[in-house]
Amino acid sequence: VGGGSTVGITAEEAGEMRDLCFGDKKRVFTDAWKKQGFFFCEDENLKYGLIQPEGGPCGVIASMNAFVLRELVHARGRRRGREWENPSANEQRSAVMAALATIIWTAGGEESCVVCLPRTSAHLHRSTAFSPDGITERVHCMRLTSKSDLDAFIAENISNFTTPAGNGAVLLLYSAILSRGIDKVRGDMDKGFAGEKRTLLDRHGYLAQEGVNLMLVGRATSNVHDGVKILGDDTDAQSGDVVKLGGVPHQGQVGFLTLHEAYKYFEVGVHYKMPQDPVWVIYSESHYSVMFSEDVEAFEATRDGKVDRSFDLYYWDSLANQDEVIKLTVTPNTQNEELPDIDDEKALIPPLDLVVRTKWHGCLVDWNGSEPIL
């Protein structure tokens, strides 16, 4: 990928990127992915939420929305108050540009990056090495070596990302992959057990943890604990037979919480639970969404997971045709109310309550009149 002017992606790069995404150089993105740009809900008081018409690209949409919310709600120097609920078209555009630049620049190690854009005509054609998909054969790449150049380039080309049925989701994923570097992305991933091949998307076409981590912290690692975990004893270490499990290398600018932790499949580390700003991508029931708070003081006061005051969390699901503000009030369980048993199927506990309690232990969650999402 060259610099100075845009350079067409090669058939080899296209094949390697598909291999990283799907584990198959011939497999292509679904229409839901190929017709997904970054655009906002138009309903009053919900203009901070990105919209996803069809299932599939929720991991990229939720990741983008998290950085958009960080910009709208917590950007340094922004006026305090509730303006984030109804940002102007200019504020929305600025937030999307900032979010794109952050994800791409972070993936490039904050040194250089690549932005992928589509041309109108294809420069790659069907061959034994390449199957056209409507986007990849038209992708040209621009390498940039300063954040200010990146900001300017994105501003010039923002409509490529924001057209509702455009290619924004795929272009962002490709930009993040090439900014990190194909070999480095592959190196970030754990070695699969028993010949399993790690990929950025899972077999259903949703972002895998590797893809989400690439979006959120610029590394395509396979786990959500802090740093690297080593499995194996001293004997294994001497023989080089240890297993390394790559996690989150540093504090996230935004965070990540998952229902899997509530069921004790694994534990999310501090780097994701305590991001720089109180915005989290949520993974629950095979879907990614986003949750955030405007209450920075409460966020700082509950760093250790103990809740000694009430505060509000807002929830947004890009796919749910959400038509109301969903505000959850988290309160301390001062009366030691018995919480329903997670394994009791009759208890009908909203999964989001369980996710919230992975961060704020034992808290009570009030949906403030909204219908709890089960």
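For the structure itself, consult the block above.
Scope of this entry: the structure provided in the associated data block.

Cut-offs applied
- Residues numbered from 1 in each chain as written.
- Predicted model: local features only at pLDDT ≥ 70, side-chain atom pairs only at ≥ 80, totals over all residues.
- Heavy atoms only, no water.
- Helix = DSSP H or I, 4+ residues; strand = E, 2+ residues; numbered from the N terminus.
- Rg over C-alpha atoms; globule rule 2.2 N^0.38 Å.
- Buried < 20%, exposed > 50% of the residue type's maximum accessible area, 1.4 Å probe, protein only.
- Contact = heavy atoms within 4.5 Å.
- Patch = residues over 30% accessible without salt bridge, like charges linked within 9 Å, V, L, I, M, F, W, Y side chains within 5 Å.
- Areas by Shrake-Rupley, 256 points an atom, 1.4 Å probe, with all protein chains shown as cover.
- Salt bridge = Lys/Arg side-chain N within 4 Å of Asp/Glu carboxyl O.
- Pairing = 2+ DSSP bridges.
- Axes fitted to C-alpha atoms, helices over the stretch in contact; angles between N-to-C directions.
- Parallel < 35°, antiparallel > 145°, perpendicular 65-115°, else oblique.
- Left-handed = near helix turned anticlockwise from the far one by under 90°.

### A short note on the overall build of the chain
Here comes step 1: Assigned secondary structure in the chain consists of 14 helices and eleven strands.
Here comes step 2: Relative to the globule expectation of 21 Å for 374 residues, the C-alpha radius of gyration of the chain, 21 Å, shows essentially globular dimensions.
Here comes step 3: Here the chain, with 374 residues, has 55% of them falling under the buried criterion.
Here comes step 4: Taking as baseline every contact in the chain between residues at least 6 positions apart, the subset at least 24 positions apart corresponds to 66%.

### Looking at a nonpolar patch on the surface
Here comes step 1: A contiguous nonpolar patch, built from Y263, Y265 and F266 and spanning about 330 Å² of accessible area, is present on the exposed surface.
Here comes step 2: Positionally, Y265 belongs in the loop between α11 (259–262) and α12 (270–273).
Here comes step 3: The class for Y265 is exposed, based on a relative accessible area of 57%.

### Structural notes on the sheet that holds strand β10 (residues 326–331)
Here comes step 1: Sheet architecture is open: six strands sit in the order β6-β7-β8-β9-β10-β11, paired in mixed fashion. Across the chains shown, the open sheet's two edge strands, defined by having one partner strand only, are β6 (255–258) and β11 (364–366). Here the strands of the sheet are splayed against their neighbours by 30 degrees on average, with no regard to which way each runs.
Here comes step 2: Pairing between strand β7 (residues 279–284) and strand β8 (residues 287–292): six bridges, direction antiparallel. Within β8, the residue paired with W280 across the bridge is M291.
Here comes step 3: Running at roughly 10 degrees to β8, helix α3 (residues 58–74) makes contact with β7, β8 and β9 (311–316) of the sheet.

### Topic: the packing of helix α4 (residues 89–107) against helix α5 (residues 147–156)
Here comes step 1: Following both chains from N to C, one finds α4 and α5 inclined at 135 degrees, their axes separated by 10 Å at the closest point. Taken together, the axes of α4 and α5 are oblique relative to one another. Pair α4 / α5 crosses with right-handed handedness. In this structure, α4 uses R93, M97, L100, A101, I104 and W105 to contact α5, whose residues at the interface are K147, L150, D151, I154 and A155.

### Let's talk about the pattern of salt bridges
Here comes step 1: Tallied over the full model, the rule gives 15 salt bridges.
Here comes step 2: Note that R186 is salt-bridged to D19, the shortest N-O span being 3.2 Å. Here D19 lies in helix α1 (residues 11–22) and R186 lies in helix α8 (residues 182–188), a separation of 167 residues in the sequence.
Here comes step 3: Among the salt bridges present, the one from K34 reaches D31, with a minimum N-O distance of 3.9 Å. Taken together, the residues span about one helical turn, with K34 and D31 both in helix α2 (residues 31–34) at a distance of three residues.
Here comes step 4: A relative accessible area of 16% means that K34 is categorised as buried.

### Some remarks on the sheet that holds strand β2 (residues 113–118)
Here comes step 1: Spatial ordering of the open sheet is given by β1-β3-β2, a layout of three strands whose pairing is antiparallel. Pairing within the sheet leaves two strands with one partner each, and these edge strands are β1 (7–8) and β2.
Here comes step 2: Along the sheet, helix α7 (residues 168–180) makes contact with β2 and β3 (139–144), crossing β2 at roughly 150 degrees.

### A few points about unusual backbone geometry
Leaving glycine out, the prevailing phi sign among residues is negative, and the prevailing peptide bond configuration is trans.
Here comes step 1: Of note, the phi angle at K264 is positive, near 65 degrees, even though the residue is not glycine.
Here comes step 2: You can see K264 is positioned in the loop between α11 and α12.
Here comes step 3: Phi is positive for L348, close to 50 degrees, though the residue is something other than glycine.
Here comes step 4: Tracing the backbone through its elements, the reader meets L348 in the loop between β10 and α14 (351–359).
Here comes step 5: The exposure class assigned to L348 is exposed, which follows from its relative accessible area of 57%.

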